[in-house]
Amino acid sequence: MFILPARGGAWLAALLAAFALAACATAPEPAPRWSIIVHGGAGVIERANLTPEVEAQYRAAMQRALHTGGAILERGGSSLDAVEGVIQEMEDDPLFNAGRGAVFTAEGHNELDASIMDGRTRAAGSVAGLTRTRHPISAARAVMERSPHVMLIGEGAEAFARTQNLEEVDPSFFFTERRWQQLEQNLQRNNLPIPQRPLGAPRREARVAWPDDHQFGTVGVVARDTHGDIAAGTSTGGATGKRWGRVGDAPIIGAGTYARNGVCGVSATGTGEFFIRVGVARDICARMEFNGESAQEAADHVIAEVGALTNARGEAGDGGVIVLDGEGRAAWAMNTPGMYRAWASAGEEPVVQIFADEE
Ligand code: ASP
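Residues numbered from 1 in each chain as written. Predicted model: local features only at pLDDT ≥ 70, side-chain atom pairs only at ≥ 80, totals over all residues. Heavy atoms only, no water.

Chemist: If you had to explain the pairing of strand 11 (residues 338–345) to someone new, which residues and values would you point to?
Modeler: For a regular strand, side chains alternate in direction, first toward one face of the sheet and then toward the other. Counted residue by residue, strand 11 has seven buried out of eight residues, so it is predominantly covered. The sheet contact formed by strand 1 (residues 35–43) and strand 11 spans seven bridges and is antiparallel. Bridge assignment links Val38 to a residue of strand 11, and that residue is Ala342. Sheet topology places strand 11 next to strand 12 (residues 351–355); four bridges connect them, and they run antiparallel. Residue Arg341 lies in a different strand from strand 12, and its bridge partner there is Gln353. In textbook terms, the turn of a hairpin is the stretch between consecutive antiparallel strands, and for strand 11 and strand 12 this stretch comprises five residues, one of which, Gly347, has a positive phi near 80°. (Buried < 20%, exposed > 50% of the residue type's maximum accessible area, 1.4 Å probe, protein only. Helix = DSSP H or I, 4+ residues; strand = E, 2+ residues; numbered from the N terminus. Pairing = 2+ DSSP bridges.)

Right, here's the structure in full:
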């Protein structure tokens, strides 16, 4: 055996250590055991019009979402359970435009949309125009798991939810003063009649001031569990003052929501019409799968595309997305001043952000 002199041995050891270091620096980080990313809507959310109290409420709600989802994933629960569990909680939280706290249609109703996708099988379920089902995300999951369909709407969707014993509430359960006043302002701006306050709504409160007159506040979650399975889900009341059975991107698989194991999970929020036209969620995943783009590159690219489109009124698309890549690494992009967003993974400090320029 060749024996190195002492000095040579030290030199070789140093060389080996340097190689090991270089290898560490270039080796891809191991995938986190689990990860979760959450959004609570995007829009004109600026420091100047967000009081410290309201900002603290949103940050606490986003922390809670990570906590709920993280606990499910940490104990080995599925990404689908984490997505559904977190969204249920956010649907009950009046801060968000989903479930209780949803925006109103021009006729003064709450019409709720939601979708969910299982990245393992690419099974998907969605509902649109629910008015009584407390948790639209659970109705979407029931469509996915217990019907041969992908999308159900209106009365029929509600009837199906009933057969699945999902909880029903009086429509006034979803009422919030803030959203009602947003509707009144929206209808006044558009010279449309203001409908009667809904039956069962509490007495009118003094004017409530909220930062996001832009109607957003949709919620979305993407999770990757300890088995590597990715799921994504989105839930919304849609857009303030919507009419004629308008449906946005949130319940459209491939626009507002998409998941595919080993590739991506996406949930979007923004002016749904543009997100449908671009096919945002699927396009992000396709870029990652076929172009080899990172989650961040794909998200940036597709949000830029949304912003480059205009509608018949000359308005440009706005909003944002949250993404996990196949290994559970998080990315997000937006072209609005803010998006409520938060992410966490096993063993990492959770991050909560609101404003576009926050690092
Ligand atoms: N994308 C939703 C819709 O157009 C709204 C939102 O995300 O705030 O219905």
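Chemist: Mind laying out the site of the ligand, listing which residues take part and the relevant values?
Modeler: Near the ligand there are ten residues, and of these Thr218, Arg246, Asp249, Thr269 and Gly270 occur at the shortest range. Thr218 has a polar side-chain atom sitting 2.8 Å from an oxygen atom of the ligand. Gly272 is positioned with one of its backbone polar atoms (N or O) 2.9 Å from an oxygen atom of the ligand. (Near = heavy atom within 4 Å. Polar contact = N/O pair within 3.5 Å; in protein donor to acceptor, adjacent residues only side chain to side chain.)

Chemist: Break down the sheet that holds strand 1 for me, citing the residues and quoting the values.
Modeler: Reading across the sheet, the eight strands line up as 4-3-2-6-5-1-11-12 and stay open at both edges, with mixed pairing between neighbours. Strand pairing shows two members of the sheet lacking a second neighbour, strand 4 (151–153) and strand 12, which therefore form its edges. This sheet shows a mean twist of 10° between the axes of neighbouring strands, independent of strand direction. In this sheet, strand 5 (residues 219–224) lies alongside strand 1 in antiparallel orientation, the contact comprising five bridges. Across the sheet, residue Ile37 finds its bridge partner in strand 5, namely Val222. Here helix 2 (residues 52–74) sits on the sheet in contact with strand 1, strand 5, strand 11 and strand 12, set at roughly 145° to strand 12. (Axes fitted to C-alpha atoms, helices over the stretch in contact; angles between N-to-C directions. Contact = heavy atoms within 4.5 Å.)

Chemist: Can you break down the pattern of salt bridges residue by residue, with the values?
Modeler: Throughout the structure, instances matching the rule amount to 20 salt bridges. Where Arg134 meets Glu167, a salt bridge forms, and the shortest distance between an N and an O atom there is 3.0 Å. Of this pair, Arg134 sits in the loop between strand 3 (123–130) and helix 4 (136–146) while Glu167 sits in the loop between helix 5 (154–163) and helix 6 (177–189), and the two are 33 residues apart along the sequence. Classification of Arg134 as partly exposed rests on a relative accessible area of 21%. (Salt bridge = Lys/Arg side-chain N within 4 Å of Asp/Glu carboxyl O.)

Chemist: Tell me about the state of the cysteines, residues and numbers included.
Modeler: Applying the stated criterion to the full structure yields one disulfide. Disulfide pairing places Cys264 opposite Cys285 at an S-S distance of 1.8 Å. When the S-S torsion is 100°, as for the bridge of Cys264 with Cys285, the disulfide is right-handed. Placement of Cys264 in strand 8 (residues 264–270) and of Cys285 in helix 8 (residues 280–290) is noted, with a sequence separation of 21 residues between them. Residue class for Cys264 comes out buried when judged on its relative accessible area of 0%. (Disulfide = S-S within 2.5 Å.)

Chemist: Pulling in residues and values, what's your account of the packing of helix 2 against helix 3 (residues 79–92)?
Modeler: Direction vectors running N to C along helix 2 and helix 3 enclose 150°, while the axes themselves pass 9 Å from each other. Looking at the two axes, helix 2 sits roughly antiparallel to helix 3. Between helix 2 and helix 3 lies a crossing of right-handed hand. Within the contact between the two elements, helix 2 uses Met62, Arg64, Ala65, Thr68, Gly69, Ile72 and Leu73 and helix 3 uses Ser79, Asp81, Ala82, Gly85, Val86, Glu89 and Met90. Its residues placed into classes, the contact of helix 2 with helix 3 shows seven nonpolar, four polar and three charged. (Parallel < 35°, antiparallel > 145°, perpendicular 65-115°, else oblique. Left-handed = near helix turned anticlockwise from the far one by under 90°. Nonpolar A, V, L, I, M, F, W, Y, C, P; charged D, E, K, R; others polar.)

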